[in-house]
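# A structural walkthrough
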Amino acid sequence: MSFRIRGQNTSSGMGVADHSKHTFLELKRKKVYRYVIFKIDEKKTEVVVEKTGGPAESYDDFTASLPENDCRYAVYDFDFVTSENCQKSKIFFISWSPETSRIRAKMLYATSKDRLRRELDGVHYEIQATDPTEMDLEVIRDRAH
């Protein structure tokens, strides 16, 4: 049973849409997506899927999909080969909060992050980024190895 609190109670964070959870599971289990970008829908008071990227899309495609001046959450499925020549995959949770975004958006995303993270079981690493250099491909590679 779930309860929704009406009003400006941002300390508890936003709910997570069932579709958001299902889309993450498709990325994790079926490899249907390379990445999923989530946004907060303030009217529905929940985290919803904004965009998905197919398995053939690159990390550059993913980073280009993030807004320059607004916050988002994202998961990225990073494939790599280990030094023992084994194919591996690690799922990254990225909290994107650019310095140029509105203060209200930063606060809303910060207070809702933990609830979303609890729903996304199977994330290996978490990155908080305020500019693109904090989440470039080298950072992802270093964390995965």
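Labelled according to an unreviewed UniProt entry, the protein appears under the name Actin-depolymerizing factor 6, originating from Abeliophyllum distichum. Per UniProt, the comment on the protein under Sequence similarities (unreviewed entry) is "Belongs to the actin-binding proteins ADF family."

Moving on: the environment of Gln 128. Within the secondary structure, Gln 128 sits in strand β6 (residues 125-129). Each C-alpha atom of the pair Gln 128 and Phe 80 lies 21 Å from the other, and the pair is 48 residues apart in sequence. Residues in contact with Gln 128, not counting those within four places in the same chain, are Ser 95, Lys 113 and Glu 134.

Annotation from UniProt places "domain: ADF-H" (unreviewed entry) at residues 13-145. End C-alpha to end C-alpha, residues 13-145 measures 32 Å, and it is 34% helix and 32% strand.

With that out of the way, let us pick up the sheet that holds strand β5 (residues 87-96). Ordered by their spatial adjacency, six strands build an open sheet running β1-β3-β2-β4-β5-β6, and the pairing between neighbours is mixed. A strand with exactly one partner marks an edge of an open sheet, and here the two such strands are β1 (15-16) and β6. Summarising the sheet, β1 and strand β3 (residues 46-53) pair through two bridges and their orientation is parallel. Bridged to Gly 15 within β3 is Glu 46.

This part covers the pairing of β5. Pairing analysis gives ten bridges linking strand β4 (residues 72-81) to β5, with the strands arranged antiparallel. Note that in β5 the partner of Phe 80 across the bridge is Lys 88. With respect to chirality, the unit in which β5 leads through helix α3 (residues 103-119) into the neighbouring parallel β6 is right-handed.

By the secondary structure assignment, Thr 23 is in helix α1 (residues 18-30). Once residues lying within four places of it in the same chain are set aside, the contact partners of Thr 23 are Tyr 33, Val 36, Val 49 and Thr 52.

Attention shifts here to the environment of Asp 70. For Asp 70, the position within the fold is in the loop between α2 (59-65) and β4. For the pair formed by Asp 70 and Ser 58, sequence separation is twelve residues and the distance between their alpha carbons is 22 Å. Beyond its immediate sequence surroundings of up to four residues, Asp 70 is in contact with Trp 96, Pro 98, Ser 101 and Ala 105. Only 3.2 Å separates the side chain of Asp 70 from the side chain of Arg 72, close enough to count as a polar contact.

As a further point, take the pairing of β6. Here β5 pairs with β6 via five bridges, running parallel. Bridge assignment links Ser 95 to a residue of β6, and that residue is Gln 128.

Within this structure, the stated rule accounts for ten salt bridges. For Glu 119, the salt bridge is made with Lys 21, and the minimal N-O distance between the two is 3.6 Å. Of this pair, Glu 119 sits in helix α3 while Lys 21 is found in helix α1, placing the two residues 98 residues apart along the sequence. Residue classification places Glu 119 among the partly exposed residues on the basis of a relative accessible area of 34%. A salt bridge links Glu 138 to Arg 141; its shortest N-O distance comes to 2.6 Å. Residue Glu 138 and its partner Arg 141 are both found in helix α4 (residues 137-144); the two are separated by three residues, about one turn of the helix. The class for Arg 141 is partly exposed, based on a relative accessible area of 33%. By sharing partners, the salt bridges in this structure join Asp 18, Lys 21 and Glu 119 into a single network.

Quick notes on the rules
Residues numbered from 1 in each chain as written. Predicted model: local features only at pLDDT ≥ 70, side-chain atom pairs only at ≥ 80, totals over all residues. Heavy atoms only, no water. UniProt positions renumbered as here; feature names shortened; annotations may be inferred. Helix = DSSP H or I, 4+ residues; strand = E, 2+ residues; numbered from the N terminus. Contact = heavy atoms within 4.5 Å. Pairing = 2+ DSSP bridges. Right-handed = clockwise from strand over helix to strand, strands pointing away. Polar contact = N/O pair within 3.5 Å; in protein donor to acceptor, adjacent residues only side chain to side chain. Salt bridge = Lys/Arg side-chain N within 4 Å of Asp/Glu carboxyl O. Buried < 20%, exposed > 50% of the residue type's maximum accessible area, 1.4 Å probe, protein only.

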